[in-house]
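Given next are the chains, with one letter for each unit.
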Amino acid sequence: GVIFAIAHVRGGGEMGRTWYESAKYSNKARTFTDFIDCANALINLKWTSSKQLSIEGRSAGGLLVGAVVNMAPRLFKAAVAGVPFVDVMNTMSDPSIPLTTGEWEEWGNPNMEQGYNDMLKYSPYDNIGAQDYPAMFVSSGLYDPRVAYWEPAKWVSKLRHFKTDN
């Protein structure tokens, strides 16, 4: 059988405004630790194991996938990242990219010291390390209006360089 779970992590609007607000700016990483906690709960409840657990996210959800595979790679067997927003530092630092300045209300502004330091802690591209990673399927879209095609491509290239598994 299959179990399908949806993690309502902080930063989403499903649990009200306070829930959403509690994962903005300096607290954005709560989104990722909440997700890891949900994965651990599924394992602790014996509904799955790290040898069976797969995750999926698109665009900003792909950022979540990228962040958690850096933070807890052995927790997941496989990850699917669809047009993932993974080069947070470069994209969010460039005000000429459409949608960027509007997103500063959500993420913070990396052109300011506090925003820069906060984002650097979880930016998937900037936190790739020499470690085993789960099997991954990563896609990009040549004409995606939010995530440029080269973001996922350069993320995959860097992952291939640093990962220690086959």
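Every chain's residues receive numbers from 1 upward, in the order its sequence appears when written. Two thresholds apply to this predicted model, a pLDDT of at least 70 for residue-level local features and 80 or more for giving and counting side-chain atom pairs, whereas whole-chain, interface and lining totals are computed over all residues. Working from all heavy atoms in the structure, the side-chain values ignore hydrogens and water.

1. Notes on the packing of helix α2 (residues 29–44) against helix α3 (residues 60–71)
We count it as follows: Whenever a helix is involved, its axis is fitted only over the stretch in contact; in every case the axis is a line through C-alpha atoms, and angles between N-to-C directions fall within 0 to 180 degrees. Starting at the N terminus, helices and strands are each numbered in turn, a helix being any DSSP run of H or I of at least four residues and a strand any DSSP run of E of at least two. Here the word oblique covers every angle except those under 35 degrees (roughly parallel), over 145 (roughly antiparallel) and from 65 to 115 (roughly perpendicular). Crossings are sorted by hand: turned counterclockwise from the far helix by less than a right angle, the near helix makes the crossing left-handed, and turned clockwise it makes it right-handed. Residues are treated as being in contact if the distance between any of their heavy atoms lies within 4.5 Å. Gly is placed with the polar residues, together with every amino acid not listed as nonpolar (Ala, Val, Leu, Ile, Met, Phe, Trp, Tyr, Cys and Pro) or charged (Asp, Glu, Lys and Arg).
Contact geometry for α2 and α3: axes closest at 10 Å, N-to-C directions at 70°. In terms of orientation, α2 and α3 fall into the roughly perpendicular class. Where α2 crosses over α3, the two elements pack in a sense that is right-handed. Facing α2, whose interface residues are Thr31, Phe32, Thr33, Phe35 and Ile36, α3 presents Leu63, Leu64, Ala67, Val68 and Met71. Each residue belonging to the contact of α2 with α3 can be placed in one class, and the counts come to eight nonpolar, two polar and no charged.

2. Focus on the pairing of strand β2 (residues 78–82)
Along a regular strand, successive side chains alternate from one face of the sheet to the other. Put simply, the test is: Two strands are counted as paired when DSSP detects at least two bridges linking them. Seen with its strands pointing away from the viewer, a crossover is right-handed if its path from the first strand over the helix to the second goes clockwise.
Bridge analysis of strand β1 (residues 54–58) against β2 gives five bridges, and the strand direction is parallel. For Glu56, the partnering residue across the bridge sits in β2 and is Val80. On the question of chirality, the crossover connecting β1 to the parallel β2 by way of α3 is right-handed. Sheet topology note: the β2/strand β3 (residues 135–139) ladder contains five bridges and is parallel. Bridge pairing links Val80 to Phe137 in β3.

3. Considering the sheet that holds β1
Pairing is parallel across the open sheet formed by three strands, whose spatial order is β1-β2-β3. The two strands at the open ends of the sheet, each matched to only one other strand, are β1 and β3. Strand-to-strand twist of the sheet, defined as the mean angle between neighbouring strand axes without regard to direction, takes the value 10°. Most of the contacts of α3 go to β1, to which it runs at about 140°, and overall it touches β1, β2 and β3.

Taken by themselves, the reported measurements are silent on function.
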